[in-house]
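Below, each chain spelled out in residue letters.
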Amino acid sequence: MYLEEETNNKSGVVSCFFSLKEEVGALAKALRLFEEKGINLTHIESRPSRMNKEEYEFFISIDTNCSKALDEVIEGLRKEISGSVHELSRNKQKDTVPWFPNDIQDLDRFANQILSYGSELESDHPGFTDPVYRARRKEFADIAYNYRHGQIIPKVEYTEAEKATWGTVFKELKTLYPTHACREHNRVFPLLEKYCGYRQDNIPQLEDISRFLQSCTGFRLRPVAGLLSSRDFLGGLAFRVFHSTQYIRHGSQPMYTPEPDICHELLGHAPLFADPGFAQFSQEIGLASLGAPDEYIEKLATVYWFTVEFGLCKQGSDIKAYGAGLLSSFGELQYCLTDKPQIQPFDPAKTSLQKYPITEFQPVYFVAESFEDAKERVRKFAATIPRPFTVRYNAYTQSIEVLDNTQQLRNLADNISGELGILCNALRKLE
């Protein structure tokens, strides 16, 4: 469900916009929450969702006298749909910059607002009819729902069946990495085996990997129950936080998953977050998303898709895979380096407009010259995003600095001056 609240031009009216899955009784259940809180609806409209063909969108207006009870209704709606609610903004005016997290603890505000999956499975999911698997998924979802920034990520005792599924995927993919994965992935993978428990018979713990990543690049993992909106997920990257699932795919199809799972996160994503160049590149996409208009969030999400998920890069005379969707898929990792797909150079302005399938191998891949080159291209693309400020991540305070006044610019200049002084001093000592 999506929720947006704004004050209508007519005095005494508050308008809300939300969407629900198309199923019998869904609207009646939602409206019953308004009725129970004594909220008087003065207007209601509906239409098929433009973003999801399986949902309907509803626009309602209520008396401002009832606005205080609206928070309780919103909370009720969250619980009715297992927490998959995304609150876009409140009192939103035209041309207002969308809310974005300023402090790393602000990630707690949206980490549970998942859009799909979590403990609820679609009817075509391999585990849909398996009550044991569904109960297990709820256990993982509960861990994510109860987690807050700064806490130790709870350890999961994986079952023998879950370890067997992991082992199958681990064994098959590891045979391809030396010839198909980029050198950065191959450099880090042995370190994960040495320090984080990466083995065929063991599923590593998020806390162990998160600590390792922090020591390498400052990146950290955070448990999540399912898929976040593009704006929220990219917002996490701005703080060098990657929202990671802990559940594993259903054992009946170990080489297939309709959603990100622990195999995808730990075999595909985690190794590259230990590389400084890739970590900086990923954070640049996140920083570009902060306060960006919705249409640019869609473009940045597409850039993310064709880089962090399905990116290729040049290394010498060869092309190698660095995207997590490739590095965690035995079939597509082989396919992407054949002559079957179309290969194009990475250019964010063009890449951001490319359409893509999500249930089959990609027909088009984009090749980066290097992570450094890709980072600079994303920075230039970010400069075209219409927002009245520039942002900078302060690693000391783990917060976002909005550079929109002269004092902020003076502070930044002082920091740069200090860093240049250190650089010059170091160069002199090398002479």
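These notes cover the structure that comes with them. Note that the coordinates shown come from a computational prediction; the quantities given were computed from them, not determined experimentally.

**Section: the overall build of the protein chain**
Then, number 1: Of the regular secondary structure elements, the protein chain holds 15 helices and 13 strands.
Then, number 2: Here the protein chain holds 431 residues, and the buried ones make up 51% of them.
Then, number 3: Put simply, of all contacts in the protein chain between residues at least 6 apart along the chain, 65% involve residues at least 24 apart.
Then, number 4: Element-wise, carbon and sulfur atoms account for 50% of the exposed surface of the protein chain, whose accessible area totals about 21,300 Å².

**Regarding a nonpolar patch on the surface**
Then, number 1: Taken together, Ile416, Leu420, Leu423, Leu427 and Leu430 make up a surface patch of nonpolar side chains, about 510 Å² in accessible area.
Then, number 2: Positionally, Leu423 belongs in helix 15 (residues 406-430).

**Examining the pairing of strand 11 (residues 364-368)**
Then, number 1: Among the five residues in strand 11, five count as buried, and that is most of the element.
Then, number 2: Burial along strand 11 is two-sided: Val364, Phe366 and Ala368 facing one way and Tyr365 and Val367 facing the other are all buried.
Then, number 3: Relative to strand 11, strand 8 (residues 312-315) runs parallel, the two being bridged by two bridges. Among the inter-strand pairings, Cys313 is bridged to a residue of strand 11, identified as Ala368.
Then, number 4: Two strands pair when backbone bridges link them, and strand 10 (residues 342-345) and strand 11 are joined in this way by four bridges, in the parallel orientation. In the sheet register, Gln342 faces strand 11, and the bridge partner there is Val364.

**Here we look at the sheet that holds strand 8**
Then, number 1: In spatial order, the strands read 9-8-11-10; together these four strands make up an open sheet with mixed pairing. The sheet terminates laterally at strand 9 (318-321) and strand 10, the two strands that pair on one side only. With strand direction ignored, the average angle separating the axes of adjacent strands in the sheet is 40 degrees.

**Quick notes on the nonpolar core**
Then, number 1: Core analysis: the biggest nonpolar cluster contains 82 residues, and Trp166, Tyr198, Ile262, Leu266 and Leu267 have the highest contact counts within it.
Then, number 2: Each residue touching Leu267, except ones within four places of it in the same chain, is listed here: Trp166, Val169, Phe170, Leu173, Tyr177, His185, Phe189, Tyr198, Ile262 and Leu327.

**Details of the packing of aromatic side chains**
Then, number 1: As enumerated under the stated definition, the model contains 25 aromatic pairs in all.
Then, number 2: Note on Phe170 and Phe189: the rings are 5.9 Å apart at their centroids and 35 degrees apart in plane angle, and the pair reads as tilted. In this pair, Phe170 sits in helix 4 (residues 160-180) while Phe189 sits in helix 5 (residues 183-195), placing the two residues 19 residues apart along the sequence.
Then, number 3: On the basis of an interplanar angle of 80 degrees and a centroid distance of 5.6 Å, the ring pair of Phe233 and Phe242 is categorised as edge-to-face.
Then, number 4: Under the relative-accessibility criterion, Phe233 is labelled buried at 17%.
Then, number 5: A residue is classified by how much of its surface remains accessible, and Phe242, at 2% relative accessible area, is buried.
Then, number 6: Taken together through their ring pairs, the aromatic side chains of Phe219, Phe233, Phe242, Phe273, Phe278, Phe281, Tyr304, Tyr322 and Phe371 make up a single cluster.
Then, number 7: In this structure, Arg137 is placed above the aromatic ring of Tyr247, and the distance from its NZ or CZ to the ring centre is 3.6 Å.

**Focus on the pattern of salt bridges**
Then, number 1: Summed over the entire model, instances satisfying the criterion amount to 18 salt bridges.
Then, number 2: Of the charged contacts in the structure, one is a salt bridge between Asp108 and Arg222, with a shortest N-O distance of 2.7 Å. Of the two residues, Asp108 sits in the loop between strand 5 (86-87) and helix 3 (131-146) while Arg222 sits in strand 6 (residues 220-223), which places them 114 residues apart along the sequence.
Then, number 3: Of the residues examined, Asp108 reaches a relative accessible area of 25% and is grouped as partly exposed.
Then, number 4: Taking the relative accessible area as the measure of exposure, Arg222 reaches 4% and is therefore buried.

Conventions and cut-offs
- Residues numbered from 1 in each chain as written.
- Predicted model: local features only at pLDDT ≥ 70, side-chain atom pairs only at ≥ 80, totals over all residues.
- Heavy atoms only, no water.
- Helix = DSSP H or I, 4+ residues; strand = E, 2+ residues; numbered from the N terminus.
- Buried < 20%, exposed > 50% of the residue type's maximum accessible area, 1.4 Å probe, protein only.
- Contact = heavy atoms within 4.5 Å.
- Areas by Shrake-Rupley, 256 points an atom, 1.4 Å probe, with all protein chains shown as cover.
- Patch = residues over 30% accessible without salt bridge, like charges linked within 9 Å, V, L, I, M, F, W, Y side chains within 5 Å.
- Salt bridge = Lys/Arg side-chain N within 4 Å of Asp/Glu carboxyl O.
- Pairing = 2+ DSSP bridges.
- Axes fitted to C-alpha atoms, helices over the stretch in contact; angles between N-to-C directions.
- Core = buried A, V, L, I, M, F, W, Y, C linked by side-chain atoms within 4.5 Å.
- Phe/Tyr/Trp six-rings, centres within 6.5 Å; stacked < 30°, edge-to-face > 60°.
- Lys NZ or Arg CZ within 6 Å of the ring centre and 35° of its normal.

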